[in-house]
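The lines below spell out each chain.
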Amino acid sequence: EVQLVESGGGLVQPGGSLRLSCVASGFTFSSYDMSWVRQAPGKGREWVSMIGGGGGSTSYADSVKGRFTISRDNAKNMLYLQMNSLKPEDTAVYYCVVAGIAGSDRWGQGTQVTVSS
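Residues numbered from 1 in each chain as written. Predicted model: local features only at pLDDT ≥ 70, side-chain atom pairs only at ≥ 80, totals over all residues. Heavy atoms only, no water.

Our next topic: the environment of methionine 83. Within the secondary structure, methionine 83 sits in strand S8 (residues 78–83). Take methionine 83: its relative accessible area is 0%, and that puts it in the buried class. When the C-alpha positions of methionine 83 and glutamine 13 are compared, they lie 12 Å apart, and in sequence the two are 70 residues distant. Excluding anything up to four places from it in sequence, methionine 83 contacts Gly16, Ser17, Leu18, Leu20, Arg67, Phe68, Tyr94 and Val113. (Helix = DSSP H or I, 4+ residues; strand = E, 2+ residues; numbered from the N terminus. Buried < 20%, exposed > 50% of the residue type's maximum accessible area, 1.4 Å probe, protein only. Contact = heavy atoms within 4.5 Å.)

The next point concerns the pattern of salt bridges. Inspection of every chain in the model, using the stated rule, returns four salt bridges. The closest approach of N and O atoms between glutamate 46 and arginine 38, which form a salt bridge, is 2.7 Å. Since its relative accessible area comes to 30%, glutamate 46 is described here as partly exposed. Judged by relative accessible area, which is 5%, arginine 38 ranks as buried. In this structure, arginine 38 and aspartate 90 form a salt bridge, with 2.9 Å as the shortest nitrogen-oxygen distance. Of the two residues, arginine 38 sits in strand S4 (residues 34–39) while aspartate 90 sits in the loop between S8 and strand S9 (92–101), which places them 52 residues apart along the sequence. (Salt bridge = Lys/Arg side-chain N within 4 Å of Asp/Glu carboxyl O.)

With 30 residues, the main nonpolar core has Phe27, Met34, Trp36, Leu79, Leu81, Met83 and Tyr94 as its most contacted residues. Listed by contribution, the elements that provide at least two residues to this core are strand S3 (18–25), S4, strand S5 (45–51), strand S7 (68–73), S8, S9 and strand S11 (111–115). The biggest single contributor to this core is S9, with five residues. When near neighbours in sequence (up to four residues on either side) are disregarded, phenylalanine 27 contacts Val2, Leu4, Tyr32, Met34, Val98 and Ile101. (Core = buried A, V, L, I, M, F, W, Y, C linked by side-chain atoms within 4.5 Å.)

On to the pairing of strand S10 (residues 104–107), then. Strand direction decides the pairing type here: S9 and S10, joined by three bridges, are antiparallel. If you follow valine 97 over to S10, its bridge partner there is tryptophan 107. Hairpin geometry of S9 and S10 is characterised by an intervening segment of two residues between the two adjacent antiparallel strands and by a positive phi of about 55° at alanine 102. (Pairing = 2+ DSSP bridges.)

Right, dumping it as structure tokens:
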């Protein structure tokens, strides 16, 4: 069974940092690209970042480029999102996502990030 479990969210002041983690199980982690997607209150889902299976290729939404860094540790089946210079508009539930397993996307339960003074 595919499982994705996020952690690391919380309340942080503007300008602060958080590191999100996602532990994956039930599939060959290193064979799949992984993504972070977020959903702010009352808004639709927004893709944030993606990393290739080997970790060598990454991409970011313009809204987070230069502030967020995605990484992975394939030996530990872990995905990370380092978030710096956080803004109130980064407030959202952040999800770890893997696409293309048995023809469907799989999502974690999400972790809440709140940026507020």
